[in-house]
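Take a look at the letters that make up each chain.
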There are 2 protein chains.
Amino acid sequence: MSNAIILLSGGLDSATCLAIAKSQGFTCHALSFQYGQRHAAELDAADRLAKLLGAVEHKTIEIDLRAFGGSALTDDIAVPKDRDLSQPESNIPVTYVPARNTIFLSFALAYAEVRQARDIFIGVNALDYSGYPDCRPEFIEAFARMATLATKAGVEGEAPYRFHTPLISMTKAEIIQTGHALGLDYGQTISCYDADESGAACGTCDSCLLRRKGFQEAGLPDPTRYR
Amino acid sequence: MSNAIILLSGGLDSATCLAIAKSQGFTCHALSFQYGQRHAAELDAADRLAKLLGAVEHKTIEIDLRAFGGSALTDDIAVPKDRDLSQPESNIPVTYVPARNTIFLSFALAYAEVRQARDIFIGVNALDYSGYPDCRPEFIEAFARMATLATKAGVEGEAPYRFHTPLISMTKAEIIQTGHALGLDYGQTISCYDADESGAACGTCDSCLLRRKGFQEAGLPDPTRYR
């Protein structure tokens, strides 16, 4: 059984990613971040999911992304509601957090090096969020190349780090079907950009709209608790 | 005047790096980290240096690298003393902090994106610290390539990020001579891995030994306060 690090936000995608890593036989170490999200509900969800999905360890790192600002997810910028997501994205969404995945993967790399894990899972998806630069395959490939040079692996000639992005070319419906087949209870996940303190979803932000459509297209009941 | 981000630890190298960036006409934004160092003395030094060297802004980000462990700088592992540094390093030193520069540069990238800076300075040195994988030119080059793909720059076709490593092939003596010529008061910097709360240096850890030798070879008085 090899150790793997899985980035776990508490949302639908990262929970699916953890379920996939577990199904592939990895000993899973989950990693979450308290980075100034508006509510802690998704971190509570991450805690529950790590236990439910059999992670042997779950670390939550506090980092202050609000120190720089620049995103609707960390600042007092309104989260967009009821947008028409069938139109291609012409700009990077205001919910983009500068360099967030770079920072998250850097911590995952530190965690992997200390736990002697060579496998890191991240639930990025290039289809639904084409507006986010740090969800693209070319970013992940460049990060992987850098990661091995950054660490003991690059000096001592060990195996390179492997970055797994099992969701990267799935539709939301395919992600949901995959997790469903693995027995994942999506009622335990929180995707909303604007969830309330209890974790109830707004139903109208980009993330809620994509999620709701995903359940419809997957032909599965949507277990999301909307407020 | 262009904005630049300068990683500033409070030590000799990063202070020189800030003095160089300033001398090149950049509007300097300094970035430090509270990452579970044994003492806060070097962060106090970073505060003083940012002001002394004319940074327009100085942010200190708290991150918990102790959460993972794996280094003498963040754990209860003894810092090596009185080592013979004339012998080539055969192993990575225990003072190596897993993925530290990757994490630091990731935050610098976020800060740069928010401040619309394209230039990031880091005082890594490949000569004195050949044992650290994340101080090598090939690491910095791989990080730079990844950084542009990670951010709006890579999507919107803007100029790529430039990572400046002005010290990378200098000896410690050359670094000291450069800073001295720019009027930098090295008495304000703290390099010791094991400084006491007042900032007084031990004189015998690797960092103290290299620093002391640097002043000798530079033919300049050593202003370090030893305990």
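- Under the annotation held in an unreviewed UniProt entry, chain A carries the name 7-cyano-7-deazaguanine synthase and is attributed to Govanella unica.
- Heading Catalytic activity (unreviewed entry) of the UniProt record for chain A holds this comment: "7-carboxy-7-carbaguanine + NH4(+) + 2 ATP = 7-cyano-7-carbaguanine + 2 AMP + 2 diphosphate + 2 H(+)".
- Its UniProt record gives chain A the following Sequence similarities (unreviewed entry) comment, quoted word for word: "Belongs to the QueC family."

**Quick look at the overall build of chain A**
So, point 1. When helices and strands are tallied, chain A shows 7 helices and 5 strands.
So, point 2. At 17 Å, chain A has a C-alpha radius of gyration in line with the 17 Å of a compact globule built from 227 residues.
So, point 3. Evaluated residue by residue, chain A yields a buried proportion of 59% over its 227 residues.
So, point 4. The long-range fraction of contacts in chain A, counting pairs at least 24 apart against all pairs at least 6 apart in sequence, stands at 75%.
So, point 5. For chain A, the computed accessible surface area is about 8900 Å², with 48% contributed by carbon and sulfur atoms.

**Here we look at unusual backbone geometry**
So, point 1. Located in the positive-phi region is alanine 99 of chain A, a residue other than glycine, with phi close to 60°.
So, point 2. Overall, alanine 99 of chain A belongs to the buried group, its relative accessible area being 0%.

**Quick notes on the UniProt feature "binding site: Zn(2+)" (unreviewed entry) in chain A**
Residues and elements named next belong to chain A.
So, point 1. As recorded in UniProt, the sites labelled "binding site: Zn(2+)" (unreviewed entry) are Cys192, Cys202, Cys205 and Cys208. Sequence-wise these annotated residues cover 17 residues; spatially they are packed, their C-alpha atoms never more than 7.1 Å apart.
So, point 2. Following the sequence through the fold, cysteine 202 ends up in the loop between α6 (172–181) and α7 (206–218).
So, point 3. Under the relative-accessibility criterion, cysteine 202 is labelled buried at 15%.
So, point 4. Sequence-distant contacts of cysteine 202, that is, excluding residues within four places in its chain, are made with Lys81, Cys192, Asp194, Cys208 and Arg227.
So, point 5. Structurally, cysteine 208 is set in helix α7.

Criteria and cut-off values
- Residues numbered from 1 in each chain as written.
- Chains lettered and ligands numbered in written order.
- Predicted model: local features only at pLDDT ≥ 70, side-chain atom pairs only at ≥ 80, totals over all residues.
- Heavy atoms only, no water.
- UniProt positions renumbered as here; feature names shortened; annotations may be inferred.
- Helix = DSSP H or I, 4+ residues; strand = E, 2+ residues; numbered from the N terminus.
- Rg over C-alpha atoms; globule rule 2.2 N^0.38 Å.
- Buried < 20%, exposed > 50% of the residue type's maximum accessible area, 1.4 Å probe, protein only.
- Contact = heavy atoms within 4.5 Å.
- Areas by Shrake-Rupley, 256 points an atom, 1.4 Å probe, with all protein chains shown as cover.

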